[in-house]
Amino acid sequence: MSNHYSDPKLKIFALNANQPLAQKIADEVGVELSKSTVNRFSDGEIQINIEESVRGADVYVVQSTSQPVNDNLMELLIMIDALRRASVNTINAVIPYYGYARQDRKARSREPITAKLVANMLQRAGADRVIALDLHAAQIQGFFDIPVDHLMAAPLLAEYFLNNHLDEDAVVVSPDHGGVTRARKLAQYLKAPIAIIDKRRPRPNVSEVMNIVGHVEGKRCILIDDMIDTAGTITNAANALKAAGAIEVYASCTHPILSGPALQRIADSAIKKLVVTDSIQLPADKQIDKMVQVSVGPLIGDAIKRIHENKSVSPLFENYFKQQD
């Protein structure tokens with residue numbers, strides 16, 4: 001390990017959801033991953049053992065609540081409980097992908113607000129802080145009564161497009177009204193204009209493209225979303241952009257959920273390249289030729305060091321390209 005972090009009180013634990021990302025985060029911070037084991041009893045109950053002393057430590061637990069969502073969430077809750085009972089100083093839940101984030105309001109009568117329920121569970125278990133990446137809705141920060149550090153992957157995605165000179169003649173496109181702020185952030189980094197796709201969704205996971213607001217003809221279009229699940233929205237958007245005269249269509253997202261028909265839809269679509277992060281660990285069969293992964297490990301590792309040293313996290317985004325120059 002090239003850099004070694006000087007404070008032995010900082011410990012990073014990896015649960016099962018995304019161990020390769022946890023390793024990259026630990027490498028960036030300059031610590032070894034701390035030792036714990038997660039086992040299953042024969043009936044599926046989760047058993048966790050922490051295999052080193054954590055008394056008085058500031059602990060960061062890396063766990064995306066991606067598929068299998070409920071198993072990964074329970075692992076995280078049980079780990080937080082184990083740490084609290086082992087007399088740690090602080091418990092910091094590092095959740096690169098926060099599952100249940102789409103259930104963030106009552107869209108119709110008698111619906112739960114599960115994103116808030118999960119926030120309550122994490123706090124009740126004993127989390128002191130949450131570090132999250134591109135939450136589906138920024139307001140989810142307010143579902144917690146503990147500090148939430150909300151990191152953005154936009155600079156990393158922008159870096160890919162800039163390094164490959166794909167910012168020339170580019171327009172950043174939001175696939176729906178809800179993602180306009182996200183598109184504008186990427187457009188700022190790329191110094192590009194934005195366009196918006198106006199679509200109406202008749203029912204969940206079924207989307208229908210309506211019309212395009214903005215100038216896309218003869219342009220290189222870069223679609224941005226926080227997550228791609230069944231890929232209906234993003235592939236319909238890409239095909240609509242191509243039909244409207246875009247010369248190339250790229251797509252990007254922070255969280256590649258990629259469930260059900262997603263991979264086939266992307267393969268068959270007008271998308272030339274799909275740029276994603278490693279917030280969710282993708283098995284080999286989900287890593288298709290069109291896909292490029294950029295790692296959020298260095299970003300989250302840098303954020304953890306800043307939080308541990310009581311430094312501001314916002315310069316990671318404000319000064320990002322000044323640091324790179």
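Residues numbered from 1 in each chain as written. Predicted model: local features only at pLDDT ≥ 70, side-chain atom pairs only at ≥ 80, totals over all residues. Heavy atoms only, no water.

Quick look at the overall build of the protein chain
Thought 1: Within the protein chain, the regular secondary structure consists of ten helices and 14 strands.
Thought 2: Relative to the compact-globule value of 20 Å for 325 residues, the protein chain shows a C-alpha radius of gyration of 20 Å, a close match.
Thought 3: Overall, the C-alpha framework of the protein chain stretches about 60 × 50 × 35 Å when taken along its three principal axes.
Thought 4: Expressed as a percentage of contacts within the protein chain between residues at least 6 apart in sequence, the contacts between residues at least 24 apart total 63%. (Helix = DSSP H or I, 4+ residues; strand = E, 2+ residues; numbered from the N terminus. Rg over C-alpha atoms; globule rule 2.2 N^0.38 Å. Contact = heavy atoms within 4.5 Å.)

Some points on the UniProt feature "binding site: D-ribose 5-phosphate" (unreviewed entry) in the protein chain
Thought 1: Following the UniProt record, one finds the feature "binding site: D-ribose 5-phosphate" (unreviewed entry) at Arg201, Asp225, Asp229, Thr230, Ala231, Gly232 and Thr233.
Thought 2: The residue Thr230 is located in the loop between β11 (220-228) and α6 (232-243) in this model.
Thought 3: Taking the relative accessible area as the measure of exposure, Thr230 reaches 13% and is therefore buried. (UniProt positions renumbered as here; feature names shortened; annotations may be inferred. Buried < 20%, exposed > 50% of the residue type's maximum accessible area, 1.4 Å probe, protein only.)

Describing the pairing of strand β4 (residues 58-62)
Thought 1: By the criterion of burial, β4 is predominantly enclosed, with five of the five residues buried.
Thought 2: Because side chains alternate across β4, one face comprises the buried residues Asp58, Tyr60 and Val62, and the other comprises Val59 and Val61, equally buried.
Thought 3: Sheet topology places strand β1 (residues 10-14) next to β4; five bridges connect them, and they run parallel. Each bridged residue has a counterpart across the sheet, and for Lys11 the counterpart in β4 is Val59.
Thought 4: Summarising the sheet, β4 and strand β5 (residues 90-95) pair through five bridges and their orientation is parallel. Of the residues in β5, the one forming a bridge with Val61 is Ala93.
Thought 5: In this fold, β4 hands off to helix α2 (residues 69-85), which returns the chain to β5; that crossover is right-handed. (Pairing = 2+ DSSP bridges. Right-handed = clockwise from strand over helix to strand, strands pointing away.)

Overview of the packing of helix α4 (residues 154-163) against helix α5 (residues 180-190)
Thought 1: Where α4 contacts α5, the two axes come as close as 9 Å, and the packing angle between them is 45 degrees. In terms of orientation, α4 lies oblique with respect to α5. Considering how the two elements wind past one another, α4 and α5 form a crossing that is right-handed. From α4, Ala154, Pro155, Leu157, Ala158, Phe161 and Leu162 reach across to α5, where they touch Lys185, Leu186, Tyr189 and Leu190.
Thought 2: Residue composition of the contact of α4 with α5, grouped by class: nine nonpolar, no polar and one charged. (Axes fitted to C-alpha atoms, helices over the stretch in contact; angles between N-to-C directions. Parallel < 35°, antiparallel > 145°, perpendicular 65-115°, else oblique. Left-handed = near helix turned anticlockwise from the far one by under 90°. Nonpolar A, V, L, I, M, F, W, Y, C, P; charged D, E, K, R; others polar.)

Quick word on the sheet that holds β5
Thought 1: Strand order in this open sheet of five strands is β1-β4-β5-β6-β7, and the pairing throughout is parallel. The sheet is open, and its two edges are formed by β1 and β7 (148-151), each paired on a single side. Across the sheet, the mean angle from the axis of one strand to that of its neighbour is 20 degrees, orientation sign disregarded.
Thought 2: As defined by bridge partners, β5 adjoins strand β6 (residues 129-133) across four bridges and the pair is classed as parallel. Among the inter-strand pairings, Ala93 is bridged to a residue of β6, identified as Val130.
Thought 3: On the sheet, helix α1 (residues 19-29) packs against β1 and β4 and is oriented at approximately 165 degrees with respect to β1.

Comments concerning the pairing of strand β2 (residues 36-40)
Thought 1: Note: β2 against strand β3 (residues 46-50), five bridges, orientation antiparallel. Bridging across to β3, Ser36 finds its partner in Ile50.
Thought 2: Turn length for the β2-β3 hairpin, with the two strands adjacent in sequence and antiparallel, is five residues, and the turn residue Gly44 shows positive phi of about 95 degrees.

Some details on the nonpolar core
Thought 1: Ile12, Leu151 and Ile304 are the most contacted members of the largest nonpolar core, which totals 48 residues.
Thought 2: With residues up to four places along the chain from it excluded, the contact list for Ile304 reads Leu10, Ile25, Val29, Tyr60, Val94 and Ile131.
Thought 3: Of all hydrophobic cores here, the second largest spans 36 residues; its members include Val38, Ile48, Val118 and Ala137. (Core = buried A, V, L, I, M, F, W, Y, C linked by side-chain atoms within 4.5 Å.)

Here's the deal with the pattern of salt bridges
Thought 1: All told, the structure shown has 18 salt bridges when counted by the stated rule.
Thought 2: Here Asp169 makes a salt bridge to Lys219, at a shortest N to O gap of 4.0 Å. Taken together, the residues Asp169 in the loop between α4 and β8 (170-174) and Lys219 in the loop between β10 (206-213) and β11 connect sequence positions 50 residues apart.
Thought 3: Between Lys272 and Glu248 there is a salt bridge, with its nearest N and O atoms 2.6 Å apart. Of the two residues, Lys272 is situated in strand β13 (residues 271-277) and Glu248 in strand β12 (residues 248-256); the sequence distance between them amounts to 24 residues.
Thought 4: Three or more residues joined by partner-sharing salt bridges are found here, namely Arg40, Asp71 and Glu75. (Salt bridge = Lys/Arg side-chain N within 4 Å of Asp/Glu carboxyl O.)

Some remarks on α6
Two residues of an α-helix separated by three or four positions point the same way, owing to the 3.6 residues in each turn.
Thought 1: An ideal rise of 1.5 Å per residue puts 16 Å on twelve residues; α6 measures up with 16 Å between its terminal C-alpha atoms.
Thought 2: Within α6, burial applies to Gly232, Thr233, Ile234, Thr235, Ala237, Ala238, Ala240 and Leu241.
Thought 3: Where α6 terminates, the next one or two residues include Gly245, which has phi positive at roughly 100 degrees. (Expected span 1.5 Å × (residues − 1).)

Let's talk about the packing of aromatic side chains
Thought 1: Taken as a whole, this structure holds three aromatic pairs when the rule is applied.
Thought 2: Ring centres of Phe161 and Tyr250 lie 6.1 Å apart, and the angle between their planes is 85 degrees; on these two criteria the pair is classed as edge-to-face. Of this pair, Phe161 sits in helix α4 while Tyr250 is found in strand β12, placing the two residues 89 residues apart along the sequence.
Thought 3: Each residue in the set Tyr160, Phe161 and Tyr250 is aromatic and connected to the rest through ring pairs, giving one cluster. (Phe/Tyr/Trp six-rings, centres within 6.5 Å; stacked < 30°, edge-to-face > 60°.)

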